[in-house]
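Coordinate inspection notes
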Amino acid sequence: MAESWLLRGVLPYGEGAPVDVRLADGRVAELAPGLAPGSSRVLEAAGQVLLPGLVDLHTHLREPGREDAETVETGTRAAAAGGFTAVHAMANTDPVADNAGVVEQVWRLGREAGHCDVAPVGAVTIGLRGEALSELGTMADSAARVRVFSDDGLCVSDASLMRRALEYVKAFDGVIAQHAQEPRLTVGAQMNEGVVSSRLGLTGWPSVAEEAVIARDCLLAAHVRSRLHVCHVSTRGSVDILRLAKARGIDVTAEVTPHHLLLTDEAACGYDATFKVNPPLRTQDDVDAVREGLADGTLDVVATDHAPHTSQDKETEWGAALPGMTGLETALAVVAETMVLPGRLTWRQVADRMSARPAVIGRLEGHGRPLAVGEPANLALVDTGAAWTVDPAASVSRSRNTPFAGRRLPVRVTATFLRGARTHGEG
Ligand code: DOR
Ligand code: ZN
């Protein structure tokens, strides 16, 4: 018989009085106080917050090519531990996910692992070289049903190519997720360009490199009436431009990472390359702006940019280290710390930013659905009284490069369910 669970005493969206929730046949079967266990397995979860399973628009799973840093199996296990029931797997693998063969392979590996659904992202350009469009339509028609296309890690900087990509994906309701960064302005860049980079003597990455491409791409998307998604927004100017674009009715969405919500470029002061990331950690003023943007909906979603790297690639001098940080296991807790506890977002809004909207942007069916009877039982349970200290050694990711090591975070995901089957948790 299929797994059936009774979650006892939970608070849907953290609201109202406690209820019991029965999961059966992969769906939410009942939602009411005082349900009898019957043949269901009981999970005592009094007072825990029940959320729809989280959906990540931006995860690097590293397979194929860098299985020493992460595999689809380990990365999706980390996702489940963080409350995610679906992740979009970025295309900058080796070989690059720029054809149906690779995206189908990643999709199949995700299905076999079974920890969460994997929606492969297709590369916009062949080999991420920014010269010629990949076979976008073939990837869209493949078993992986690709809808999100990105050269993430690199910017599609050629305006004409970007225009054609935006036009092309309209045929199958796809979206271009841009790593917005004018490459001519970031040659040799190591961290945010500002007071701290001058003090440390590291080459800076100016805000304008991000903002200029976002402005250009919003105008391009409007011109061809297509859909643009902006990856990992990190500056106040970017938030301002997106606010203006949305006010003009341009079909643009944007994401912010947990690390850009919490950390600043001051973290670089110890030259610990754990804090090296692309785009870089910015100033407190930028942090304030992305928090405001997420609160008012200018930034649609939180996406992790989970970027696992081996210790060889991270525990080296700043200049040689690869950019990126892990994020799946800590994302919800960082959002609680930066947005929920200070009263900037309710849990219902967190569900919107981390589940509903990313599912809509990625055109993912069966995810991001409301907590209601009859819906697929893709769920995350959050203990809001279980502060914990981040221990990289305890991570289920294959990599250890979390910027939150040793930090105390206020809430913890205790269980995750994918179509009614538990993918994380114990007891
Ligand atoms: O820091 C980053 N790491 N930024 C990116 O855009 C790519 C990512 C990676 O693949 O490691
Ligand atoms: Zn990126």
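The text that follows walks through the structure, step by step, so that each part is easy to find. Model, not experiment: these values are computed from the prediction.

Side note on the packing of aromatic side chains
Under the defined criterion, the tally for this structure stands at three aromatic pairs. Centroid distance W5 to F417: 5.5 Å. Interplanar angle 70°. Geometry classified as edge-to-face. Linking W5 in strand β1 (residues 5–12) with F417 in strand β19 (residues 412–418), this pair joins segments that are 412 residues apart in sequence. Clustering of aromatic rings is evident, with ring pairs tying together F149, Y168 and F172. A cation over an aromatic ring shows up here: R348 above the ring of Y13, its NZ or CZ 4.1 Å from the ring centre. The aromatic ring of W388 is capped on one face by R412, whose charged end is 4.0 Å from the ring centroid.

Some remarks on the site of ligand 1
Taken together, 14 residues surround ligand 1, and among them R62, N92, H179, N278 and H309 come closest. One of the backbone N or O atoms of P323 is found 3.1 Å from a nitrogen atom in ligand 1. With respect to ligand 1, the backbone of G324 contributes an N or O atom lying 3.3 Å from an oxygen atom. Classifying every residue of the shell around ligand 1 by side-chain character gives three nonpolar, eight polar and three charged.

As for the pairing of strand β3 (residues 27–32)
In this structure, strand β2 (residues 19–24) lies alongside β3, joined through five bridges in antiparallel fashion. For D20, the partnering residue across the bridge sits in β3 and is A32. Hairpin connection from β2 to β3: two residues lie between these consecutive antiparallel strands, with D25 at a positive phi of about 55°.

As for the sheet that holds strand β9 (residues 148–149)
The strand order across the open sheet formed by five strands is β9-β10-β13-β14-β15, and the pairing between neighbours is parallel. Edge positions in the sheet fall to β9 and β15 (301–302), since each of these pairs with one other strand and no more. Bridge analysis of strand β13 (residues 228–230) against strand β14 (residues 252–256) gives three bridges, and the strand direction is parallel. The residue bridging V230 from the neighbouring strand is A254, located in β14. The strands touched by helix α4 (residues 159–168) within the sheet are β10 (175–178) and β13, with β10 carrying the most contacts at an inclination of about 145°.

Focus on the coordination of the zinc ion (ligand 2)
Each donor-metal-donor angle in an ideal tetrahedron of four donors is 109.5 degrees, and each such angle in an ideal octahedron of six donors is either 90 or 180 degrees. Each protein donor to the zinc ion (ligand 2) is listed here as D152 (OD), H179 (ND1) and H232 (NE2); together their distances run 1.8 to 2.2 Å. Coordination geometry of the zinc ion (ligand 2): the four donor atoms subtend angles of 89 to 129° at the metal centre, consistent with an arrangement described as tetrahedral. With a relative accessible area of 4%, D152 lands in the buried category.

What counts and what doesn't
Residues numbered from 1 in each chain as written. Chains lettered and ligands numbered in written order. Predicted model: local features only at pLDDT ≥ 70, side-chain atom pairs only at ≥ 80, totals over all residues. Heavy atoms only, no water. Phe/Tyr/Trp six-rings, centres within 6.5 Å; stacked < 30°, edge-to-face > 60°. Helix = DSSP H or I, 4+ residues; strand = E, 2+ residues; numbered from the N terminus. Lys NZ or Arg CZ within 6 Å of the ring centre and 35° of its normal. Near = heavy atom within 4 Å. Polar contact = N/O pair within 3.5 Å; in protein donor to acceptor, adjacent residues only side chain to side chain. Nonpolar A, V, L, I, M, F, W, Y, C, P; charged D, E, K, R; others polar. Pairing = 2+ DSSP bridges. Contact = heavy atoms within 4.5 Å. Axes fitted to C-alpha atoms, helices over the stretch in contact; angles between N-to-C directions. Donors = N, O, S within 2.8 Å, 3.2 Å for Na, K, Ca; no water. Tetrahedral: all angles 85-135°; square planar, octahedral: opposite > 155°, others 65-115°. Buried < 20%, exposed > 50% of the residue type's maximum accessible area, 1.4 Å probe, protein only.

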